[in-house]
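In case you want the letters, here they are:
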Amino acid sequence: MKTLNKDISEVLVSEADLNEINARLGAQITKDFKDKNLLVVGILKGSVYFMTDLTRHIDLPLKIDFLAVSSYGSSTRSSGSVKIIKDIDIDLEGYDVLLIEDILDSGRTLQYVSKMLEARNAKSISICTLLDKPARRVVDLKPDYVGCDVPDEFVVGYGLDYDQKYRNLPYIGSLKREIYE
């Protein structure tokens, strides 16, 4: 593990924990999507590390694509307004879509994206999130696959950022309040 970053108050999910989460979720997804036409769609930028590692544990033929959305900007809270920056390139008809997200917080972004993709005639849409923060949920949305729950703290690392920084940490940690307040 890299040295603990000076801006991190505590490691919440270690590198070893992340490896276990990816193996566990990959095995379950492999079982659940057997004989299905799987399209894995990552929500950029935060999901890229998780999606890359997770798909290595899915023992099925699959396709991948990406959506880039924004609802945070440089803030620590979702604005509630979701903006599509990059749309997927694949026609969804006939695909069983698995959305990959780094963290399910308010739920607004995933609810918006799920409804948008449902309208495109996907065979099914499932949600896989690395982290779930139920304390901040403002919409009724339940993921199909969850890596682990995290407390109501601002977390960074393994793809999660604050103002585009800290994504490359190999663990997930709680960012010190003085960094973002």
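Up top you'll find the structure we're talking about.
To keep things clear, this report deals only with the structure shown in the data block. All of these numbers come straight from a predicted model, not from anything done at the bench.

**Points about the pattern of salt bridges**
On inspection of all chains with the given rule, the structure shows 12 salt bridges. Between Lys86 and Asp89 there is a salt bridge whose closest N-O contact spans 3.4 Å. Classification of Lys86 as partly exposed rests on a relative accessible area of 28%. Taken together, the shared-partner salt bridges connect Asp65, Lys86 and Asp89 into one network.

**Focus: the sheet that holds strand β8 (residues 155–156)**
Strand pairing within a sheet occurs via backbone hydrogen bonds; the two strands may be parallel or antiparallel. Spatially, β1-β9-β8 is the arrangement adopted by the 3 strands of the open sheet, whose pairing is antiparallel. Single-partner strands in this sheet number two, and they are β1 (8–13) and β8. Examined bridge by bridge, β1 and strand β9 (residues 172–175) share 4 bridges and lie antiparallel to one another. Looking at the pairing, Val13 lines up with Ile172 of β9. Contacts between helix α1 (residues 15–32) and the sheet are confined to β1 and β9, with β1 contributing the most and set at about 30 degrees to the helix.

**Some remarks on the environment of Leu99**
Following the sequence through the fold, Leu99 ends up in strand β5 (residues 96–104). For Leu99, a relative accessible area of 0% translates into the label buried. Separated by 11 residues in sequence, Leu99 and Leu110 have C-alpha atoms that sit 8.5 Å apart. Setting aside residues up to four positions removed in sequence, Leu99 forms contacts with Val41, Ile43, Leu110, Val113, Ser114, Leu117, Ile125, Ser126, Ile127 and Cys128.

**Description of the sheet that holds strand β3 (residues 63–70)**
One open sheet accounts for 6 strands, arranged β4-β3-β2-β5-β6-β7; its pairing is mixed. Of all strands in the sheet, those with a lone pairing partner are β4 (83–86) and β7 (145–149), marking the two edges. On average, each strand axis in the sheet is tilted by 25 degrees relative to the strand beside it, whichever way the strands run. Judged from the 8 bridges that link them, β5 and strand β6 (residues 124–132) form a sheet pairing that is parallel. Residue pairing in the sheet places Leu99 in a bridge with Ile127 of β6. Sitting on the sheet, α1 touches β2 (38–44), β5, β6 and β7, and the angle it makes with β7 is about 160 degrees. Across the sheet, helix α2 (residues 48–55) is in contact with β2, β3, β5 and β6; its angle to β2 comes to roughly 155 degrees.

Basis of the calculations
Each residue is numbered by its place in its chain's sequence as written, counting from 1. The model is predicted, so local features are restricted to residues of pLDDT at least 70 and side-chain atom pairs to those at 80 or more, both for listing and for counting; the totals for chains, interfaces and linings are taken over all residues. The basis for every side-chain value is the complete set of heavy atoms in the structure, and neither hydrogens nor water enter the calculation. Any carboxyl oxygen of Asp or Glu that lies within 4 Å of a side-chain nitrogen of Lys or Arg is treated as forming a salt bridge with it. When accessible area is computed with a 1.4 Å probe and restricted to protein chains, residues below 20% of their type maximum are described as buried, those above 50% as exposed, and intermediate ones as partly exposed. Note: two strands are recorded as paired if DSSP finds a minimum of 2 bridges between them. Think of it this way: any DSSP run of H or I at least four residues long counts as a helix, any run of E at least two long counts as a strand, and we number them from the N terminus. Any two residues having at least one pair of non-hydrogen atoms within 4.5 Å are treated as being in contact. Fitting a line to C-alpha atoms yields each axis, with helices limited to the stretch in contact; the angle taken between N-to-C directions then spans 0 to 180 degrees.

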